[in-house]
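# A structural walkthrough
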Amino acid sequence: MSTAAIIPAAGLGLRLGGENYKAFREVGGDSLLVHAVRGLKAATAADLVCLVVAVPPGFEESVAKELEPYAGDARLLVVPGGAERPDSVRAALDVVPADGIDCILVHDAARAFVPADVVERVVAAVRGGAPAVVPVVPVTDTIKQVSPTGEVVDTPDRSTLVAVQTPQGFEPGVLRRAHAAGIVGATDDAMMCERLGVPVMTVEGSQDAFKVTRPQDLLLAEAMLAERRLG
């Protein structure tokens, strides 16, 4: 069996600034989207055979041409994304083959530097029987729960808290059922599964899989990429 990967890449990324879409911003001379595709393809044990990218409408042809050299032997499909992230994932999910796929990954282009072993851990967990899997890292900051007026009402035990990353992995039927349910307010695909009562398992993530969200994250990404190239 094989893996398909979905990359929703139609978001503006307003916090990052600039005039370009977030996934098209460059680090080390290549777009975040190119780095994300390279990272997924580097996970050879995942056996990625299909890659579906949802982009801003009108960019399908140019993105397909840009990504083709990095898709390798995986089938590359580029589709118009939607106004919100779930819309883009659903648009991509509609064209993922129904047969021969035992794991579907959903990966944010903004987490462009996830190590291959993280991807492989997610896929292995799905193939091992977990219906939904997320990579996580420990929370190092003290977290406060606050009221609408800004008053602290609780300090959760951070030993029980983790920060969730991507790619998130799913048994295909579970992901399709989650998106067909019309769930509102979920911030990621794993949360949709939670709302359906599907157990979501965790695997070890990586600090390298940080999300490029603000301008300073681009500087961090440049530094990390330079270090990798020297190594």
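Treat the numbers as computed from the prediction; the structure is a model and nothing was measured.

### What about the overall build of the protein?
The helix and strand inventory of the protein stands at 7 helices and 12 strands. For a compact globule of 231 residues, the expected C-alpha radius of gyration is about 17 Å, and the protein comes in at 17 Å, within 12% of that figure. Counting only C-alpha atoms, the protein reaches 50 × 40 × 35 Å along its principal axes. Burial analysis of the protein (231 residues in total) assigns 47% to the buried set. Expressed as a percentage of contacts within the protein between residues at least 6 apart in sequence, the contacts between residues at least 24 apart total 71%. Accessible surface for the protein amounts to roughly 11200 Å². Of this, 52% is attributable to carbon and sulfur atoms.

### Observations regarding the state of the cysteines
As used in these notes, a disulfide is a covalent bond between sulfur atoms, one from each of two cysteines. Counted under the stated rule, the structure contains 0 disulfides. Left without a disulfide partner, Cys-50 is nearest to the cysteine sulfur of Cys-103, which lies 12 Å away.

### Observations regarding the packing of helix H1 (residues 32-42) against helix H2 (residues 60-71)
In contact at an axis separation of 9 Å, H1 and H2 are set at 30° when each is read in the N-to-C sense. Accordingly, the angle class assigned to the pair H1 and H2 is roughly parallel. For the pair H1 and H2, the sense of crossing is right-handed. Contacts between H1 and H2 involve Leu-33, Val-34, Val-37, Arg-38 and Lys-41 on the former and, on the latter, Val-63, Glu-66, Leu-67, Tyr-70 and Ala-71.

### Digging into the UniProt feature "site: Positions MEP for the nucleophilic attack" (unreviewed entry) in the protein
Per the UniProt record, "site: Positions MEP for the nucleophilic attack" (unreviewed entry) is found at Arg-158 and Lys-211. Structurally, the position occupied by Arg-158 is in the loop between strand E9 (152-154) and strand E10 (162-164). For Arg-158, a relative accessible area of 39% gives the class partly exposed. Apart from residues lying up to four places away in sequence, Arg-158 is in contact with Val-139, Thr-140, Asp-141 and Thr-142. Relative to the elements of secondary structure, Lys-211 occurs in the loop between strand E12 (201-204) and helix H7 (215-230). In this structure, Lys-211 is in contact with Lys-22, Ala-110, Arg-111 and Asp-217, ignoring residues within four places of it in sequence.

Criteria and cut-off values
- Residues numbered from 1 in each chain as written.
- Predicted model: local features only at pLDDT ≥ 70, side-chain atom pairs only at ≥ 80, totals over all residues.
- Heavy atoms only, no water.
- Helix = DSSP H or I, 4+ residues; strand = E, 2+ residues; numbered from the N terminus.
- Rg over C-alpha atoms; globule rule 2.2 N^0.38 Å.
- Buried < 20%, exposed > 50% of the residue type's maximum accessible area, 1.4 Å probe, protein only.
- Contact = heavy atoms within 4.5 Å.
- Areas by Shrake-Rupley, 256 points an atom, 1.4 Å probe, with all protein chains shown as cover.
- Disulfide = S-S within 2.5 Å.
- Axes fitted to C-alpha atoms, helices over the stretch in contact; angles between N-to-C directions.
- Parallel < 35°, antiparallel > 145°, perpendicular 65-115°, else oblique.
- Left-handed = near helix turned anticlockwise from the far one by under 90°.
- UniProt positions renumbered as here; feature names shortened; annotations may be inferred.

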